[in-house]
Amino acid sequence: MTVTSIRDAWAEVQKIFPTRYEHDASRSERAGYPIYYSTAAGVNAWISDLGNRLEVNLPDGKSVDIWIQSPAEATATSNSTENTEDTGSATREERRETAKRIQRFTYYYTKEYVRELDNKKREDAAVKEMEDAATEGGEIKCMVLTAENNARVMMNCITDCIAAVDILVNMEEDVEDWMIAGINAMLDKVYKGHAIPFDLPTSICGLLGAQYR
């Protein structure tokens, strides 16, 4: 079938896809384009977002192509699959580029998370050594432990980054151009400051209204 906007294409998907679905990051990475897989157990069905069309693969082995073409009223020089007027929505390319920037921060937070897990092992070993050396009536010792909480903070950062990327690459989610502008402004400022704050991912999710989606 043929439609004249991305929004209409996803509306047709809702009519024919048998279950709920979600963005599958691992399959998307392997394929090189976004894939949305069925969330129902045992249901082999998915949607491939191929840019100018959505390929809907159904459990019975059949597939439906939903082509996205410009409206007849659009100028011949326009390659857009959406209306040419400024709707305030971010383009697919803007969303993907912003998602890639956030993914780089995800890598940084993941490295920090792994480092804190190593610190936790060293802290646990130090605590055990202190306990083994303790004697009744002996000197009182204390130790400040930070690794476990720091690892928890890093995991929250990773989770928020993933949530933000999932929203940006899911074209069913409405993302306004001012949201993209705000996120990129924050990322630009962070790059210039040469320091990555731990509340950055939460701020990005706040801009996207992730808690309300």
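Right above here is the structure, for reference.
Parameters and conventions
Residues numbered from 1 in each chain as written. Predicted model: local features only at pLDDT ≥ 70, side-chain atom pairs only at ≥ 80, totals over all residues. Heavy atoms only, no water. Helix = DSSP H or I, 4+ residues; strand = E, 2+ residues; numbered from the N terminus. Buried < 20%, exposed > 50% of the residue type's maximum accessible area, 1.4 Å probe, protein only. Areas by Shrake-Rupley, 256 points an atom, 1.4 Å probe, with all protein chains shown as cover. Expected span 1.5 Å × (residues − 1). Arc of directions from axis to C-beta. Core = buried A, V, L, I, M, F, W, Y, C linked by side-chain atoms within 4.5 Å. Contact = heavy atoms within 4.5 Å. Salt bridge = Lys/Arg side-chain N within 4 Å of Asp/Glu carboxyl O. Polar contact = N/O pair within 3.5 Å; in protein donor to acceptor, adjacent residues only side chain to side chain. Pairing = 2+ DSSP bridges. Disulfide = S-S within 2.5 Å. Axes fitted to C-alpha atoms, helices over the stretch in contact; angles between N-to-C directions. Parallel < 35°, antiparallel > 145°, perpendicular 65-115°, else oblique. Left-handed = near helix turned anticlockwise from the far one by under 90°. Nonpolar A, V, L, I, M, F, W, Y, C, P; charged D, E, K, R; others polar.

*Asks:* Whenever I open this one, the overall build of the chain confuses me. Can you help?
*Replies:* Within the chain one finds six helices and six strands. Going residue by residue from the N terminus, the α and β elements of the chain occur as β-α-β-α-β-β-β-β-α-α-α-α. Across the 213 residues in the chain, those meeting the buried criterion constitute 35%. Taken as a whole, the chain presents about 13300 Å² of accessible surface, with 51% of it coming from carbon and sulfur.

*Asks:* Teacher, can you tell me more about helix α5 (residues 177-193) here?
*Replies:* What sets the pattern is the α-helix's 3.6 residues per turn: residues three or four places apart point alike. Relative to the 24 Å expected for 17 residues at 1.5 Å per residue, α5 spans 25 Å between its end C-alpha atoms, a close match to the ideal helical length. Residues Met 179, Ile 180, Ile 183, Asn 184, Leu 187 and Val 190 constitute the buried set of α5. End-on, the buried residues of α5 take up no more than an arc of 125°, which puts them together on one face. Turned more than 90 degrees from where α5 packs its buried face, Lys 189, Lys 192 and Gly 193 sit exposed. His 194 lies just past α5 and shows a positive phi near 55°.

*Asks:* Honestly, the nonpolar core in this entry has me stumped. Any pointers?
*Replies:* Considering soluble globular proteins, one finds that nonpolar side chains tend to be buried as a cluster. Within the largest apolar cluster, 24 residues are counted, with the highest numbers of intra-cluster contacts made by Ile 102, Tyr 109, Val 175, Ile 204 and Leu 208. Counting residues per element, the ones that place at least two in this core are α3 (92-133), α4 (147-169), α5 and α6 (200-208). The element best represented in this core is α4, accounting for nine residues. Other than its neighbours up to four places away in sequence, Ile 102 contacts Cys 161, Ala 164, Val 165, Leu 168, Ile 183, Leu 187 and Ile 204.

*Asks:* When you look at the environment of Glu 22 in this model, what are you seeing that I'm missing?
*Replies:* Within the secondary structure, Glu 22 is located in strand β2 (residues 21-23). It is 9.5 Å that separates the C-alpha atoms of Glu 22 and Ile 47, two residues lying 25 residues apart in sequence.

*Asks:* Looking at this structure, I do not really get the pattern of salt bridges. What am I missing?
*Replies:* A side chain with one charge may pair with a side chain of the opposite charge, provided their charged atoms come close. Considering all chains together, one arrives at 14 salt bridges under this definition. Where Asp 49 meets Arg 92, a salt bridge forms, and the shortest distance between an N and an O atom there is 2.6 Å. Remark: Arg 92 occurs in helix α3 and Asp 49 occurs in strand β4 (residues 46-49); sequence separation between them is 43 residues. In this structure, Asp 49 and Arg 92 share a single accessibility class: buried.

*Asks:* What's the story with the side chain of Glu 112 in this structure? I'm lost.
*Replies:* Secondary-structure assignment places Glu 112 in helix α3. Judged by relative accessible area, Glu 112 falls into the buried class, the value being 16%. Polar contacts involving the side chain of Glu 112 include one to the side chain of Arg 115, which spans 2.8 Å.

*Asks:* It is not clear to me how the sheet that holds strand β6 (residues 63-68) should be interpreted in this structure. Could you clarify?
*Replies:* Either a parallel or an antiparallel arrangement is found when strands of a sheet pair, and the pairing is made through backbone hydrogen bonds. Ordered by their spatial adjacency, six strands build an open sheet running β1-β6-β5-β4-β3-β2, and the pairing between neighbours is mixed. Because the sheet does not close on itself, it has two edges, and the strands there are β1 (2-3) and β2. Relative to β6, β1 runs parallel, the two being bridged by two bridges. From the neighbouring strand, Val 3 faces β6, where its bridge partner is Ile 68.

*Asks:* I'm lost on the state of the cysteines in this one. Help?
*Replies:* Two cysteines form a disulfide when their sulfur atoms are joined by a covalent bond. Applying the stated criterion across every chain yields a total of zero disulfides. With no disulfide of its own, Cys 161 has Cys 157 as its nearest cysteine by sulfur position, at a separation of 6.8 Å. Given a relative accessible area of 2%, Cys 161 falls into the buried group.

*Asks:* Mind showing me how you'd approach the packing of α4 against α6 here?
*Replies:* The relative placement of two packed helices is expressed as an angle between their axes plus a distance between the axes. α6 packs onto α4 with a crossing angle of 30° between their chain directions and a minimal axis gap of 8 Å. In terms of orientation, α4 and α6 fall into the roughly parallel class. The hand of the α4/α6 crossing is left-handed. Here α4 contributes Cys 157, Asp 160, Cys 161, Ala 163, Ala 164, Ile 167 and Leu 168 to the contact with α6, which in turn contributes Pro 201, Thr 202, Ile 204, Cys 205 and Leu 208. For the contact of α4 with α6, the class distribution of residues is ten nonpolar, one polar and one charged.

In short, the description is geometric, and any link to function would need to be established separately.
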